[in-house]
Structures are given as structure tokens and as C-alpha cells.
Amino acid sequence: MLLSHVSGHFKTRRAVLAKAHPGAVFLFPANEEVLRNPDVSYPFRQESNFFYLTGFEEPGAICLIAPDHPEHRYVLFVRPRDAEREVWTGKRAGVEGAKAHYGADEAYPIGQGKGPVAAYLDIASIVGVARSRGVDAIHPGYGFLSENPAFARACTDAGMIFVGPRAELLDMMGDKTAARALAQKIKVFRLPGSRAGK
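Residues numbered from 1 in each chain as written. Predicted model: local features only at pLDDT ≥ 70, side-chain atom pairs only at ≥ 80, totals over all residues. Heavy atoms only, no water.

1. Observations regarding the overall build of the protein chain
Inference 1: Of regular secondary structure, the protein chain possesses 9 helices and 6 strands.
Inference 2: C-alpha extents for the protein chain along the principal axes are approximately 60 × 45 × 30 Å.
Inference 3: Taking all 198 residues of the protein chain together, 32% fall into the buried category.
Inference 4: When contacts within the protein chain are restricted to residue pairs at least 6 apart in sequence, long-range pairs at least 24 apart make up 49% of them.
Inference 5: Element-wise, carbon and sulfur atoms account for 58% of the exposed surface of the protein chain, whose accessible area totals about 13,000 Å².
Inference 6: Here the protein chain holds 25 positive side-chain charges and 21 negative ones, and the gap between their average locations is 9 Å. (Helix = DSSP H or I, 4+ residues; strand = E, 2+ residues; numbered from the N terminus. Buried < 20%, exposed > 50% of the residue type's maximum accessible area, 1.4 Å probe, protein only. Contact = heavy atoms within 4.5 Å. Areas by Shrake-Rupley, 256 points an atom, 1.4 Å probe, with all protein chains shown as cover. Lys, Arg positive; Asp, Glu negative; His and termini not counted. Charge placed at Lys NZ, Arg CZ, Asp CG, Glu CD.)

Listed below in C-alpha cells is the structure:
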């Protein structure tokens, strides 16, 4: 269902968010479809914050809100249109629809030729798009990339700020055994646990 007739409401909500946090850049992921079995997904429900700010009801999208950017204050990364898939899923907005019906200043395809998880974890593509748009910092949100030292390194190597722990800290704390040994070494309180080999 296209909500373009109320797109002004979503624009107002984005403006209120931007006013409350001057100078900030926001990244909101949409929900993904969850399979019930190999043929059927559970009924889709959009992530509440994402929907509140965009009105966009399709899975696998990402919303970037950069209020201080001179041209692209509201960018949507969406799944490209696929005529064969739309027979089963219904019509998708695609890049053109994201701009025309949902008021995005710019829209880009996400995950072309990839499943949603592969697209989400494609560090090279994410960093490439960020560099091409002049992004100076990336906040990974929550989930896999927020704990991935390779992503933190890729951002730093590309000259961008990774908003999160340094890659070496992610390396250290990502290995539970090494993290526990470090905590023991610097005398941080920890709950009793088993030791390897016992």
C-alpha cells in the first residue's frame, strides 16, 4: 500500500527528529521477511521506527537521514524491482518509487543479485557507497556489522570514522576466551565459569 498521500506527515516527523538532534546523521534499517517454511513467509510487519519516519512498507530497506547535507537529506536504499518476484510479493516501489512516492531525495538499489543477509553484510559495497557520497562516519547500528572488526577496519581504511569500538577492541572482545583472560588479567569482576580442559 502506497502512503504517498500522507508523505508530508513522514517529512514532518523526520524534521522533528533532526531538530531534536542537530548535526546528527541517522541510519534506520527496515525489518526483513521471516520464512515460515521454504515457500511461505510470515506476515510482514515493518520496523516501527523505520515506518514512523518513512511510511515505506517493504522489507530489506535502509533509511539514511542526513539533515545537514545540502542535497540528500533523506536517502532510501531499497530492493530493486523484480517482475518475476512481484508476481508473488506484489508490486514493489523500487528506486524510482522510493523517490516518487516516499519523498526520498535520492534512492539506491540494495542487494542486487544477493539475498538480504548477504547484502547487509557486504562490507565492500557499503563502504563503496559511503565513499562515493562523501560520508565521513558510519554508525553500524545493531547486529552483525556492529561487532565485525573487518567492517571497522574497512571504514577506517577508507578514511571514515567507525562510530563504535576500535577494530582491535572488537578483535579482542569478540573472542570470549580472550576477553575472559583479559578481564582476569586486569582484575575485572567476572562470574565463575568453566576453564578449558576441565
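Next comes the rest of the account.
2. Description of the pattern of salt bridges
Inference 1: One pass over the structure, following the stated rule, counts 8 salt bridges.
Inference 2: Here Arg-81 ties to Glu-86 by a salt bridge, and the two come within 2.7 Å at their closest N and O atoms.
Inference 3: Relative accessible area serves as the criterion here: at 43%, Arg-81 is assigned to the partly exposed category.
Inference 4: Put simply, Asp-171 and Arg-153 hold a salt bridge, and the shortest N to O gap is 2.1 Å. Placement of the pair is Asp-171 in helix H8 (residues 167–174) and Arg-153 in helix H7 (residues 149–157), with a sequence separation of 18 residues.
Inference 5: What makes Asp-171 partly exposed here is its relative accessible area of 37%.
Inference 6: For Arg-153, a relative accessible area of 35% translates into the label partly exposed.
Inference 7: Within the structure, one salt-bridge network assembled from shared partners comprises Glu-32, Glu-33, Arg-79, Arg-85 and Arg-92. (Salt bridge = Lys/Arg side-chain N within 4 Å of Asp/Glu carboxyl O.)

3. Section: the nonpolar core
Inference 1: Ranked by internal contacts, the top residues of the largest apolar core, which has 19 residues, are Phe-28, Phe-50, Phe-56, Ile-65 and Leu-76.
Inference 2: Where this core is concerned, the elements lending two or more residues are strand S1 (26–29), helix H2 (48–54), strand S2 (62–65), strand S3 (74–78) and helix H4 (94–102).
Inference 3: Apart from the residues within four sequence positions on either side, Leu-76 is in contact with Phe-50, Thr-54, Phe-56, Ile-62, Cys-63, Ala-98, Tyr-102, Ala-104, Glu-106, Ala-107 and Tyr-108.
Inference 4: Counting residues in each nonpolar core, the second largest holds 14 residues, with Leu-145, Ala-152, Cys-155 and Ala-158 among its members. (Core = buried A, V, L, I, M, F, W, Y, C linked by side-chain atoms within 4.5 Å.)

4. Regarding H7
Inference 1: Turning to H7, its buried residues are Pro-149, Phe-151, Ala-152, Ala-154 and Cys-155.
Inference 2: The distance from a side-chain oxygen at the start of H7 to the backbone nitrogen of Ala-150 is 2.8 Å, and the residue carrying that oxygen is Asn-148.
Inference 3: Gly-159 occupies a position one or two residues after H7 and carries a positive phi of about 85 degrees. (Polar contact = N/O pair within 3.5 Å; in protein donor to acceptor, adjacent residues only side chain to side chain.)

5. A few points about the sheet that holds S3
Inference 1: Read from one edge of the open sheet, 4 strands run S1-S2-S3-S4, paired in mixed fashion. Each edge of the open sheet is held by one strand with a lone partner, namely S1 and strand S4 (106–109). Strand-to-strand twist of the sheet, defined as the mean angle between neighbouring strand axes without regard to direction, takes the value 15 degrees.
Inference 2: Across 4 bridges, the pairing between S1 and S2 is antiparallel. When the sheet's bridge partners are listed, Phe-28 is paired in S2 with Cys-63. (Pairing = 2+ DSSP bridges. Axes fitted to C-alpha atoms, helices over the stretch in contact; angles between N-to-C directions.)

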